[in-house]
Amino acid sequence: MIIAVLGAGKIGEAVARGLAESDDVSRVIITKRNISTLENLKHVKKIEISSDNKKAAQKADIIVVAVKAGDGKHVLQEIADQVSDKIVISLMAAISIKSIQNILPHSKIVRAMPNIAATIGEAITAFSPSEKLTKEDLEKVQFVFGTFGDSIEVPETLMDAVTALSGSGPAYIAVMIEAMVSAGLKVGMPRDTAFKLATKTLTGTANLLSAKGMHPAELRDSVTTPAGTTIAGLYELEKGSFRTSIMNAVEAATLAAQKVAQKFES
Ligand SMILES: NC(=O)c1ccc[n+]([C@@H]2O[C@H](COP(=O)([O-])OP(=O)(O)OC[C@H]3O[C@@H](n4cnc5c(N)ncnc54)[C@H](OP(=O)(O)O)[C@@H]3O)[C@@H](O)[C@H]2O)c1
């Protein structure tokens, strides 16, 4: 299988590297206008670098669009006559299946939102397929996402919320880890010790909740003892409106995604 990744930026490169590692992918063609910045990809096995979106789309069985929404219309128009009956996966935030289908009426469109953890094969990709995809097409799409993490199908109406929660999520988590490292420094810990403790606490907790299918409140209760250290910390988090801040952040990002979509439509 040959896959074209149009837009060799942060997410495009991560996706291309994941795909190139799969035995079932014979070639990944990755494009960018300014390919001089792709020196680091030149020697990666099976990756071919190009600045020709049209040719890349023509050669590929599946096309992944990983440019910014502002560049999306142009790129879609460029490839329009090369992608009939092919699967086109758009990773662009906020751009609806309908908008893409208007430009690519004969393609099988999938709207998807991975996150930057794709860089280490740990992304979660939420996706919505258009009605044109067959069961076999869906298997291929899930295979693509599987090369850089896990995936979950969602209704398209949730995609702006997905962008806000798990697409932007790594930034929120990074801020939390940064804050925990600062907190460690404040109470006298070396920076690298605080970093290791904070990152491992986060991944360990997430893995535990996920492995046991446990409600977060159950875990919180199980480690919170009367008049203990944890309740003293939790009290301060509640005073600082920790949960409200996170809910507000995701809501604000959802609204921002909707604004990008309106701009694209107009
Ligand atoms: N970063 C994330 O965590 C993340 C997660 C999920 C989804 N996304 C989505 O993925 C898309 C890309 O995000 P990003 O963060 O990877 O952005 P980015 O780092 O800015 O990458 C976009 C790339 O597209 C290339 N490009 C622009 N116009 C092009 C064209 N006509 N033909 C070929 N390549 C072109 C740019 O390079 P040149 O200027 O050299 O062409 C640039 O390298 C966005 O729509 C975003 O919403 C991003």
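Here is what the cut-offs are and how they apply
Residues numbered from 1 in each chain as written. Predicted model: local features only at pLDDT ≥ 70, side-chain atom pairs only at ≥ 80, totals over all residues. Helix = DSSP H or I, 4+ residues; strand = E, 2+ residues; numbered from the N terminus. Buried ≥ 20, exposed ≤ 12 C-beta atoms within 10 Å, placed from the backbone. Contact = placed C-beta atoms within 7 Å. Near = placed C-beta within 6 Å. Nonpolar A, V, L, I, M, F, W, Y, C, P; charged D, E, K, R; others polar. Expected span 1.5 Å × (residues − 1). Pairing = 2+ DSSP bridges. Axes fitted to C-alpha atoms, helices over the stretch in contact; angles between N-to-C directions. Core = buried A, V, L, I, M, F, W, Y, C linked by C-beta atoms within 7 Å. Domains from an automatic or database assignment. Right-handed = clockwise from strand over helix to strand, strands pointing away. Arc of directions from axis to C-beta. Parallel < 35°, antiparallel > 145°, perpendicular 65-115°, else oblique. Left-handed = near helix turned anticlockwise from the far one by under 90°.

**Q** It is not clear to me how the overall build of the protein should be interpreted in this structure. Could you clarify?
**A** Counting its regular elements, the protein contains eleven helices and eight strands. Within the protein, the fraction of its 266 residues that count as buried is 32%. For the protein, contacts bridging at least 24 residues in sequence account for 60% of all contacts bridging at least 6.

**Q** What is the right way to look at the site of the ligand in this model?
**A** Surrounding the ligand, one finds 27 residues, the nearest of these being G7, G9, R33, N34 and A93. For the shell around the ligand, the secondary-structure elements that each account for two or more residues are α1 (10-20) and α3 (69-79). For the shell around the ligand, the leading source of residues is α3, giving four residues. A class-by-class count of the residues in the shell around the ligand yields 13 nonpolar, nine polar and five charged.

**Q** It is not clear to me how helix α7 (residues 169-186) should be interpreted in this structure. Could you clarify?
**A** Note: α-helices contain 3.6 residues per turn, so residues at a spacing of three or four share the same orientation. The terminal C-alpha atoms of α7, which comprises 18 residues, lie 26 Å apart, in line with the 26 Å expected from a rise of 1.5 Å per residue. One or two positions beyond α7, positive phi appears at G188, with a value near 95°.

**Q** Is there a simple way to explain the sheet that holds strand β5 (residues 87-90) in this structure?
**A** Sheet strands pair by backbone hydrogen bonding; their relative direction is either parallel or antiparallel. Taken in spatial order, the eight strands line up as β3-β2-β1-β4-β5-β6-β7-β8 in an open sheet, and their pairing is mixed. Edge positions in the sheet fall to β3 (47-50) and β8 (149-153), since each has one partner strand and no second. Taking each pair of neighbouring strands and ignoring which way they run, the sheet shows an average axis angle of 25°. Note that strand β7 (residues 123-129) and β8 share five bridges and pair parallel. Bridge pairing in β8 places F127 opposite E153.

**Q** I keep staring at the nonpolar core and nothing clicks. Help me out?
**A** The tendency in soluble globular proteins is for nonpolar side chains to be buried as a group. One finds V5, I63, V64 and V65 to be the most contacted residues of the largest nonpolar core, which totals 58 residues. If you tally residues by element for this core, the top one is α1, at six residues. Two domains each put at least three residues into this core: domain 1 (2-158) and domain 2 (169-261). Apart from the residues lying within four places of it in its own chain, the contact partners of V65 are L6, G7, G72, V75, L76, V88, S90, L91 and M92.

**Q** What is the right way to read unusual backbone geometry from this model?
**A** A negative phi holds for most residues other than glycine; trans holds for most peptide bonds. Within the chain, K46 stands out as a residue other than glycine whose phi angle is a positive 75°. Note on placement: K46 falls in the loop between β2 (27-31) and β3. Even without glycine at this site, S241 takes up a positive phi of about 55°. As for its position among the elements, S241 is in the loop between α10 (229-239) and α11 (242-265). Here S241 falls in the exposed class, since 11 other C-beta atoms lie within 10 Å of it.

**Q** Is there a simple way to explain the pairing of strand β1 (residues 2-6) in this structure?
**A** Across a regular strand the side chains alternate sides, sitting on one face of the sheet and then on the other. Across the five residues that make up β1, a large majority, four, are buried. Strand direction decides the pairing type here: β1 and β2, joined by five bridges, are parallel. In the strand pairing of β2, V5 is matched with I30. In this region the chain leaves β1, passes through α1 and returns to the parallel neighbour β2; the handedness of that crossover is right-handed.

**Q** Help me understand the domain arrangement of the protein, please; the structure alone is not making it clear to me.
**A** Frequently, the measure chosen for interface size is the accessible area that the parts lose on association. When cut into domains, the protein gives domain 1 (2-158) and domain 2 (169-261). Using only C-alpha atoms to locate each centre, domain 1 and domain 2 end up separated by 32 Å. Residue-level contacts link eight residues of domain 1 with five residues of domain 2. Grouping the amino acids of the side of domain 1 that touches domain 2 by side-chain chemistry returns six nonpolar, two polar and no charged.

**Q** Any chance you could explain α3 here in plain terms?
**A** All of the buried residues along α3 are G72, V75, L76 and I79. Buried residues of α3, viewed axially, fall in a sector of 100°; they line one side. Facing away from the buried surface of α3 by more than 90 degrees, the exposed residues are G70, H74 and Q77. Those residues of α3 hidden inside the fold are in contact with β1, α2 (53-59), β4 (62-65), α4 (97-103) and α11.

**Q** It is not clear to me how the packing of helix α6 (residues 159-167) against α11 should be interpreted in this structure. Could you clarify?
**A** Helices that pack against each other are described as a pair by the angle of their axes relative to one another and the distance between those axes. Where α6 contacts α11, the two axes come as close as 8 Å, and the packing angle between them is 130°. Regarding the angle of α6 to α11, the classification is oblique. Both α6 and α11 take part in a crossing whose hand is right-handed. In contact with D160, A161, T163, A164 and L165 of α6, α11 contributes V250, A253, T254, A257 and Q258. Looking at side-chain class alone, the contact of α6 with α11 contains six nonpolar, three polar and one charged residues.

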